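# Fold and geometry: a report
Listed below are the residues making up each chain.
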Amino acid sequence: MKHFTLMILSSVLSNPVKRIRLNHESMNVNIIGNFDVAQRTTSGIFQDTGWWYDYFSGDSIEVTDVNMTLTLDAGEFRIYTTEKLPTPEGDILSDVQDIEDTLPTKYSLSQNYPNPFNPSTTIKFTIPQSGFVSLKVYNILGQEVKTLLSKEINTGAYSVDWNGTNNYGDQLSSGVYFYRIEAGDFIESKKMLFIK
């Protein structure tokens, strides 16, 4: 069995664009990732000039200046190696699923966010089958103050925004409120706090 001893030459982990350099006698590896919510351009990625290979795509780039710049989209990461490796299978990130393409299999009501809130909050829920759905807000005395939804909807994941007003458009006072969903046999309530 072959053993490898890697040495971390350097790492930059305090910036939105983070990188780790690994050195070994057979190959060098640079891992770089943009942990920001916006596109970022960075430089100083490569410690040596020459040919480097993108692990995921298999593409090669010739580095003629170690200070060359590279632009990464928000959340994008790359791995560069000095030796060409077989590209990974297309489903290497198979645990990641696009929620928009996945139909829910059960009813659920999520905690509103933000909570406490001012001026507005978002309530998310899932419906595994089409049907009539009622989503209402109640005050601490159990009186209905706002109907957020009352209609037939299709299977899916939904979100509803609420701005702290009642059914007449009047701003409510600060305090504890409850939201309740009724869909088929599913009934659930959660608490939220409105602060002015």
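Residues numbered from 1 in each chain as written. Predicted model: local features only at pLDDT ≥ 70, side-chain atom pairs only at ≥ 80, totals over all residues. Heavy atoms only, no water.

This part covers the sheet that holds strand E15 (residues 186-194). Sheet architecture is open: four strands sit in the order E12-E11-E14-E15, paired in antiparallel fashion. Each edge of the open sheet carries a strand with a single partner, namely strand E12 (144-153) and E15. In this sheet, neighbouring strand axes are inclined to one another by 15 degrees on average, regardless of whether the strands run parallel or antiparallel. Bridge analysis of strand E14 (residues 175-183) against E15 gives nine bridges, and the strand direction is antiparallel. In the sheet register, Glu182 faces E15, and the bridge partner there is Ile187. (Pairing = 2+ DSSP bridges. Helix = DSSP H or I, 4+ residues; strand = E, 2+ residues; numbered from the N terminus. Axes fitted to C-alpha atoms, helices over the stretch in contact; angles between N-to-C directions.)

The next thing to look at is the confidence of the model for the chain. Per-residue confidence for the chain gives a mean pLDDT of 83; residues scoring 70 or more make up 86%. Mean pLDDT values for the elements of the chain range from 55 in strand E1 (residues 7-12) up to 95 in E14. (pLDDT = per-residue confidence, 0-100.)

Reading across from one edge, E9-E10-E13 is the order of the three strands in this open sheet, with antiparallel pairing throughout. The sheet is open, and its two borders are formed by strand E9 (108-109) and strand E13 (156-162), each paired with just one other strand. Here seven bridges tie strand E10 (residues 121-127) to E13, and the two strands are oriented antiparallel to one another. The partner of Ile123 across the bridge, within E13, is Val160.

Phe125 and Leu135 are the most contacted members of the largest nonpolar core, which has 22 residues in total. Contributions of two or more residues to this core are made by E10, strand E11 (131-138), E12, E13, E14 and E15. Dropping the residues within four chain positions of it, Phe125 is found in contact with Ser108, Leu109, Val133, Leu135, Leu149, Ile153, Gly156, Ala157, Tyr158, Val160 and Ile181. Within the second largest apolar cluster, nine residues are counted, among which are Val17, Ile32, Leu72 and Tyr80. (Core = buried A, V, L, I, M, F, W, Y, C linked by side-chain atoms within 4.5 Å. Buried < 20%, exposed > 50% of the residue type's maximum accessible area, 1.4 Å probe, protein only. Contact = heavy atoms within 4.5 Å.)

A complete count under the given rule lists seven aromatic pairs for this structure. Their ring planes at 70 degrees and their centres at 5.2 Å tell us that Phe46 and Tyr80 sit as a pair that is edge-to-face. With a gap of 34 residues between them, Phe46 in the loop between strand E4 (40-43) and strand E5 (50-54) and Tyr80 in strand E8 (residues 77-81) connect regions that are remote in the sequence. Taken as a pair, Phe46 and Tyr80 share a single burial class, namely buried. Between the aromatic rings of Trp162 and Tyr177, the centroid separation amounts to 6.0 Å while the plane-to-plane angle is 70 degrees, which identifies the pairing as edge-to-face. Here the residue Trp162 occupies a position in strand E13, and Tyr177 occupies one in strand E14, the gap between them amounting to 15 residues. The burial state of Trp162 is the same as that of Tyr177; both residues are buried. An aromatic cluster of three or more residues is present, and its members are Phe117, Trp162, Tyr177 and Phe194. The ring of Phe35 carries Lys18 above its face, with NZ or CZ at 5.8 Å from the centroid. (Phe/Tyr/Trp six-rings, centres within 6.5 Å; stacked < 30°, edge-to-face > 60°. Lys NZ or Arg CZ within 6 Å of the ring centre and 35° of its normal.)

Another aspect to go through is unusual backbone geometry. Across residues other than glycine, the phi torsion is negative in most instances, and most of the peptide bonds are trans. For the bond from Tyr113 to Pro114, the omega torsion is -5 degrees, close enough to zero to count as cis. As for its placement among the helices and strands, Pro114 is situated in the loop between E9 and E10. With an omega of 10 degrees, the peptide bond running from Asn118 to Pro119 counts as cis. Relative to the helices and strands, Pro119 resides in the loop between E9 and E10.

Checked against the element boundaries, Thr126 lands in strand E10. Separated by 3.0 Å, the side chain of Thr126 and the backbone oxygen of Lys106 make a polar contact. Within the structure, the side chain of Thr126 is placed 2.6 Å from the side chain of Ser108, a separation counted as a polar contact. If we ignore the near neighbours within four places in the chain, the residues touching Thr126 are Pro104, Lys106, Tyr107, Ser108, Gly156 and Ala157. (Polar contact = N/O pair within 3.5 Å; in protein donor to acceptor, adjacent residues only side chain to side chain.)

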